[in-house]
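A look at the structure
Single-letter residue listing:
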There are 2 protein chains.
Amino acid sequence: MPYKVLIDRHLGTLNAAVKANNERHFHAHWPEPPSGKIYGETANADGEAAFKAQLNSAFTGLVQKATDGQVGEEISPYGFDLGITYPHDLPETLAARATTAQQKWQRLEPLERAVILIETLERGAKKFFELAYATMHTTGQGFVMGFQSSGPHAFDRALEAIAMGYVAQTSFAKNVRWTKPMGKMTVSIDKTYRIVPKGTNLVIGCSTFPVWNSVPGLFSALVTGNSVIAKPHPGAVYPAALVIGSMQHTMQEFGVDPHVVQLATDTVEAPIALDLVKHPTIRVIDYTGGPVFGEIVEREGALRGKLVMSEKAGVNCVILDSTADLDKTLDNIAFSLSLYSGQMCTAPQNIFMSELGVLVEGTYVSVDDVALQLRTKIDNIVLNEKMGPGTLGALQNPRILAGLREAEESGLDIIRPSSPLRQPGYDGACSVTPLVLKTDPSRADLFEREWFGPVSFIVTTKSFEQSLTMVENSITRIGALTALVFTVDEEKMQRAEDLLTIAGAPVAFNLNSSVWVNQSAAFSDFHGAGHNPAGNAAFTDLSFVANRFNFVGVRRQV
Amino acid sequence: MPYKVLIDRHLGTLNAAVKANNERHFHAHWPEPPSGKIYGETANADGEAAFKAQLNSAFTGLVQKATDGQVGEEISPYGFDLGITYPHDLPETLAARATTAQQKWQRLEPLERAVILIETLERGAKKFFELAYATMHTTGQGFVMGFQSSGPHAFDRALEAIAMGYVAQTSFAKNVRWTKPMGKMTVSIDKTYRIVPKGTNLVIGCSTFPVWNSVPGLFSALVTGNSVIAKPHPGAVYPAALVIGSMQHTMQEFGVDPHVVQLATDTVEAPIALDLVKHPTIRVIDYTGGPVFGEIVEREGALRGKLVMSEKAGVNCVILDSTADLDKTLDNIAFSLSLYSGQMCTAPQNIFMSELGVLVEGTYVSVDDVALQLRTKIDNIVLNEKMGPGTLGALQNPRILAGLREAEESGLDIIRPSSPLRQPGYDGACSVTPLVLKTDPSRADLFEREWFGPVSFIVTTKSFEQSLTMVENSITRIGALTALVFTVDEEKMQRAEDLLTIAGAPVAFNLNSSVWVNQSAAFSDFHGAGHNPAGNAAFTDLSFVANRFNFVGVRRQV
C-alpha cells in the first residue's frame, strides 16, 4: 500500500479507537488539560501569538485559493472585531473542485483514508492553542473550554468517526469466490464489493461549537470516500479554517487533492448554505444549528432525495425527586446551568420538582428552599472571580441577550436575577450571570420552548409522576439532547429510564461529581438524540457512517 | 432468558447466517429445489390442495381480526379470479395496535427477537408449496420460480436481514463502567446503552415479488424492535397473508403480541398506502414498486421526517463487446430476457453493441448476425413446450401487455416479434413471448425509459466507448439495478467496472452458465442499487438495518 508509512505510524491509534468504540470505555487520544507539560511549554504563548498575528489580516492557512474575493465579519463576544477575511468561492466552484478531488480519494482503501485522516488530526493538534483562542473569540467560550471543545474533545470525536467508518467499511469480505452446488455440478462466480461513496457531503456548522459539532460529519464523510465542503457559521469561521487548512496541507503533502475538503464561506447578508444544500453535487448534508433553519435544510434536502443528518436543538429537562446529598446535587446542577452560559445544546433548561419538594434522607426540603440553595450554588460559581468568568464565557451574539431580557419580562418569579459580569481584560465582553425563574405547568407555553442561553425554569408540579410525564412529552414533542434525573428510588429510576429513553433522550442519573449532563464523551456516549425532534443524527453510531457509502458488487464468471 | 428453547434451537442458524453475511460466500438455509425428497413427498399435493381450498373464500390464517370488513380482488394472471377476501382495517386501527404491540417487543433482547423471528420462518417454510401456488397465481410467475422466489430465496433474504440486524445491535458493549482519570482522582459512571426502535415501520409491497421484496424490510424492522404494518399490492395479497399469518400464530404461541406484524389491505379503488405513509405512527417506510408512486412516497415521507427505503425501478443494460463463446453468451442473455417475461426489476432491457459487431475469437460477428442468433436462442427457450411456459410465466396485469403493444408500434426494427403463448391447463392465461427491437442512440427517447415486461432493445453504437458512456449516463440519470458486460478485454473490463460501479450499479461480467444477471443471492449479493435513482436501499447492508433504531445512553453516577 502506498501509504505504508502512515499505516505504520497510526494503525495503533486506529485500533485503539476501534476497541474503545466497541467497548465504550474511557478513551482519550489527546489529553484534555491545556498544559505546557503535555503540549510543550511554549505552546500557549505560541498559540496566543499566532492568534494575535492573525487578527486584522487575511487568513492564508488554506491550500484552497479564493476565486470570488474574501469575506469575513467575525466579532469576538469578548468585544472586538477579529478583522480576519477568508477566501470566498461560489457554490459552483466548490462543487466542481469537490467532484474532481473525490475521484482519486474514493479509490483509496478504507485503511489508507483512515490513516491519512489521522495524520491530518495529529498535525492539526499542533495548533490546539491557537484553536483555543480562535474558538474563545468566535463562540464566547472560556479559554479552557475553547481548548477542550475544539481541541482534544473534538479531535477525539473525529477519531471516533474515523474508526467507526473504517469498521463499517471493513466488516465484510472484500472479495469471495462464490460456489453454488447445483446437483452434481457447481457454478462459481468471483465477487468483489466496491465501496462507493454517496457523493460530496456538505457540513453546515454552528456558531457555538464550530469544530466539535462539525468534525464527526466531516471525518465520517471523508473516511467513507466522500469529498466534503464545510460551511461554518459566518460568525465562527476561524476555528474551522484552522482545522481545514491543516487538513489541506497534510493532504497535499501526501499526494491527495487538497480540495477533498474545502472551506465554504459566506456572510449573514449573503448566505450560501441553502444554495449548497440545493446543489446537485451535494448528496449528504450534516447540519448543526438552530431548528428553524434546520427544518428548512431538512425539507429542501429531503425533497431532493438527499440524506440530511441533523442536530438542531431541544429543551433539556431535569427532574429533582430525591437525593442522598443535596449539596452535591445542586453543585452539579448549578455548574451545568453556568457552563458557557447555557449555550450548549446539552445544557439543562427546565428543572422539575414536585410541590412537596425534594426528599433528602427521609425529609422533604421545600421547593423554595431548594431554589434558594440553587441560587447560592450558582452565585458561588459565577461570582467567584477565579472561576466565574471562565465558566460563563461570553454570549455568542446579541439575540441571546434579547432572549434573556424577554424571559426577565415574562412576569414569572425570579429566583436568581441575571446581572452583567466583567471579563477581566475584556471590557467590551458581553457576559451575564444565569437567570433562574420559577413557574408551574400552567405556563408550559413559556418554558416548553428553547431559551438558548443562561435562562432556566424551576417548574413545580403535583408529583414526580407529573414531572416525568411532562418531561416525556417534552422530549417527544419538542426534542431534547439530554435528560437528568435525581432520585434515590430505584423503582422511579427504572420507570424514568424506560420512559425517557424510549421517548428518545439519553438519561443521566444522580450526577454529583465532576461529570456534568452537558458533557458527552467520545468513544463512549452516543451524542445527539437521533431519535426525537432535536435531530436525527448521533455521534457516532453505525448509521451515521454507513449511510454515506454503498457496497456495489462486481461479479465475474469463473 | 425466557426464550432459551428458541435460542438453543436457532443459535446455530443465526451464527451461520452472520458468518455468511460477513464472508459473502454461498449460503442457503432453505434448499431451492421444490422437491418432495427435501420438503416431504406430499408437500406439493398438500400445498396445491390448500391453495384450491382457499380459492373463493375468506382468508382465515391471520390472528389479526378484521375491524372494517373484508376486501379482495386478486385475479390470477393465468386467467381466473381468486375470489379470496382478507380482513380490512383502517390505518388508525392498524397504527394503534402496532404501537401497543411494540411496547413489549422492543424490550426483548436482540437475540430473543432474532430467534423468535427465525422460528416464524421455520414455521412459515412448512407452507412453501401453498406459497408457490399463491405466488404463481398473483404474480404470474411460473411454478418453480414462485416456489423459489417466495419460499427459499425470500426466506434466506429474511434470515440475512435478521442476522445483519442482530450484528448491528450487538457490535457494541451493552454496558460499561466508564472511569475517567482526573489527576490524582478518578470519576466513574455506569453506562448502559438501550436499543430504541425508531417506531412502527410500513412495508409497501409490489405485485411481482410480494414476498421476496418485502421480507428484508419486514424482518429488519422487527429484529431491531419495531412493529410492522405490511401493505401488499392489492393484486398480490395472498402470499404476504400466508407469511404474516404464520408469523402472527408463532408470535402468539410464544407470548408476543401478534399485532407486532400486521397485514394492511386495500383495493385499487380505495388505496390506503398514502394514508399510512402520512400517519404519524409510521416512522420508517420500505417501498418496492413503480417509480411514479415511489417518488410520491419518498416525498411525502421525507417531508414528515420519515426514513424511506426504496426500491423502484431503473433500466438495466447489457454491453456486448467480445466473448470467447458467443453461444453460451447468447444462451445466458436469452434466458435473462425470457425469465418471468422480463418482469423482474433486475432483468436486462437495453443491449448495446458497437456497429462493428461482437468480437469472437479474433473475428467480428456482425450486429445483425448476433441479433439473429439471439432471436434463435430465445425461440429455443420459449417455444420449447417443456421449458417455455414455466420460464415465461404470465403477464401480471394488462398494463404490461399495453406497454408491449406500444413498443411494437414504435416503428423500430423488430428482431423478434412477440406472440401469444399457451399455458397448458390455463386457457385464460395472458402469456406472450419476448419482443426484441433494434435501434441506435438517436432513439434514446424510446429506450432510455423503463419498459416493464418482455420488451428489449438492441442498440447499435459507434464503439464500446460510446456504449459504456451511454450505460453510465443511463445509470446516473434513470437508475439501474444491474448491469451486464461481456468482454474478454481486461482493460475494458476494468474501465467498465470502475465507471459503472461508481455510477452505482452492480456489474456482472461474462455470465455464461446457470447464473443470470437477474438473480441476486442472499448473504452474498447486495441487492438494489442504494446508490442511483432506482432506489436508495440495498438488501441487506448495515445502513438498511442500522437506520431503524438508536442507541440511547443511560448514565448513572457510581
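None of these values were measured; they are calculated from a predicted model. (Residues numbered from 1 in each chain as written. Chains lettered and ligands numbered in written order. Predicted model: local features only at pLDDT ≥ 70, side-chain atom pairs only at ≥ 80, totals over all residues. Heavy atoms only, no water.)

A closer look at the sheet that holds strand 15 (residues 358-360) of chain A
Two orientations exist for strands paired in a sheet by backbone hydrogen bonds: parallel and antiparallel. All names here are of chain A. Counted only if it meets this: For two strands to pair, DSSP has to find at least two bridges joining them. Helix and strand definitions follow DSSP, with helices as H or I runs of at least four residues and strands as E runs of at least two, each counted in order from the N terminus.
Strand order in the open sheet formed by 3 strands is 13-15-16, with mixed pairing between adjacent strands. The open sheet is flanked by strand 13 (322-323) and strand 16 (363-365), the only strands paired with a single partner. By the bridge criterion, 2 bridges tie strand 13 to strand 15 in an arrangement that is parallel. Note that in strand 15 the partner of S322 across the bridge is L359.

Observations concerning the confidence of the model for chain A
A low pLDDT score tells you not to read the predicted coordinates there in detail. Operational definition: As a per-residue measure, pLDDT tells how confident the predictor is, with possible values from 0 to 100.
Confidence in the prediction of chain A, expressed as mean pLDDT, is 97, and 100% of residues score 70 or more. Both scores are available for the predicted complex, with the pTM at 0.97 and the ipTM at 0.96.

Overview of the packing of helix 8 (residues 152-170) of chain A against helix 9 (residues 215-223) of chain A
All names here are of chain A. Operational definition: To obtain each axis, a line is fitted to C-alpha atoms, and for helices this fit is confined to the stretch in contact; angles are then taken between N-to-C directions over 0 to 180 degrees. Every angle not falling under 35 degrees, over 145, or within 65 to 115 is termed oblique; those three ranges are roughly parallel, roughly antiparallel and roughly perpendicular. Take the far helix as your reference; a near helix turned counterclockwise from it by less than a right angle gives a left-handed crossing, and one turned clockwise gives a right-handed crossing. Any two residues whose heavy atoms approach within 4.5 Å at even a single point are treated as in contact. Here the nonpolar group is Ala, Val, Leu, Ile, Met, Phe, Trp, Tyr, Cys and Pro; Asp, Glu, Lys and Arg are the charged ones; every other residue, Gly included, is treated as polar.
It is at 8 Å that the axes of helix 8 and helix 9 come closest, and there the two elements cross at 30°. When the axis of helix 8 is compared with that of helix 9, the two are roughly parallel. Considering only the axes of helix 8 and helix 9, their crossing is right-handed. On helix 9, the residues touching A154, R157, A158, A161, I162, G165, Y166 and Q169 of helix 8 are V215, P216, F219, S220 and V223. Here the residues of the contact of helix 8 with helix 9 are counted per class, giving 9 nonpolar, 3 polar and 1 charged.

Remarks on the relation of the copies chain A and chain B
Between the two copies of this chain, the relationship is a rotation about some axis together with a displacement along it. The condition that has to hold: Fitting of the copies onto one another was done by least squares over C-alpha atoms, counting residues only where both copies have pLDDT of at least 70.
With an RMSD of 0.0 Å, the fit of chain A onto chain B corresponds to turning through 180° and sliding 0.0 Å along the axis. The superposition operator between the copies reduces to a two-fold rotation axis. In this assembly the copies share their binding face: 100% of the residues contributing to the interface of chain A also contribute to that of chain B.

A few points about the packing of aromatic side chains
Where we set the bar: Between rings of Phe, Tyr and Trp, where Trp is taken as its six-membered ring, a pair exists when centres lie within 6.5 Å; planes separated by under 30 degrees are stacked, by over 60 edge-to-face, and by other angles tilted. Over a ring means this: the NZ of a Lys or the CZ of an Arg is within 6 Å of the ring centre and within 35 degrees of the ring normal.
Tallied over the full model, the rule gives 58 aromatic pairs over all chains. Plain terms: the ring middles of A:Y39 and A:F147 are 5.5 Å apart, the flat faces sit at 70° to each other, and that makes the pair edge-to-face. Of this pair, A:Y39 sits in helix 2 (residues 36-39) while A:F147 sits in helix 7 (residues 143-150); the two residues are 108 residues apart in sequence, bridging distant segments of the chain. Measuring from centroid to centroid gives 5.8 Å for A:Y193 and B:F526, while their planes differ by 90°, and the two rings are edge-to-face. Residue A:Y193 is found in strand 6 (residues 185-197), and its partner B:F526 is found in the loop between strand 21 (507-509) and helix 20 (542-546); the two belong to separate chains. An aromatic cluster of three or more residues is present, and its members are A:W30, A:Y39, A:F51, A:F59, A:Y86, A:F128, A:F129, A:Y133, A:F143, A:F147, A:F155 and A:Y238. Looking at A:R556, its charged tip hangs above the ring of B:F509, at a distance of 5.3 Å from the centre.

Focus on the interface of chain A and chain B
Using the following cut-off: Here the quantity called buried area is the total loss of accessible area, with a 1.4 Å probe, experienced by two parts when brought into contact, counted for both. Whenever a carboxyl oxygen of Asp or Glu lies within 4 Å of a side-chain nitrogen of Lys or Arg, that contact is scored as a salt bridge.
Between chain A and chain B, the contact holds 75 residues from the first and 75 residues from the second. Carbon and sulfur atoms supply 55% of the area that chain A and chain B bury against each other, a total of about 6600 Å² over both sides. Counting the surface chain A buries against chain B, the share from its top three residues, A:F26, A:R555 and A:R556, is 12%. Along the contact surface separating chain A from chain B lie 16 salt bridges. Notably, a salt bridge pairs A:K191 with B:D525, separated by 2.9 Å at the nearest N-O pair. Broken down by class, the residue content of the side of chain A that touches chain B amounts to 35 nonpolar, 24 polar and 16 charged. When strand 22 (residues 549-557) of chain A meets strand 21 of chain B, the two strands line up parallel, connected through 3 bridges. Looking across to strand 21 of chain B, one finds that A:R556 is bridged to B:F509.

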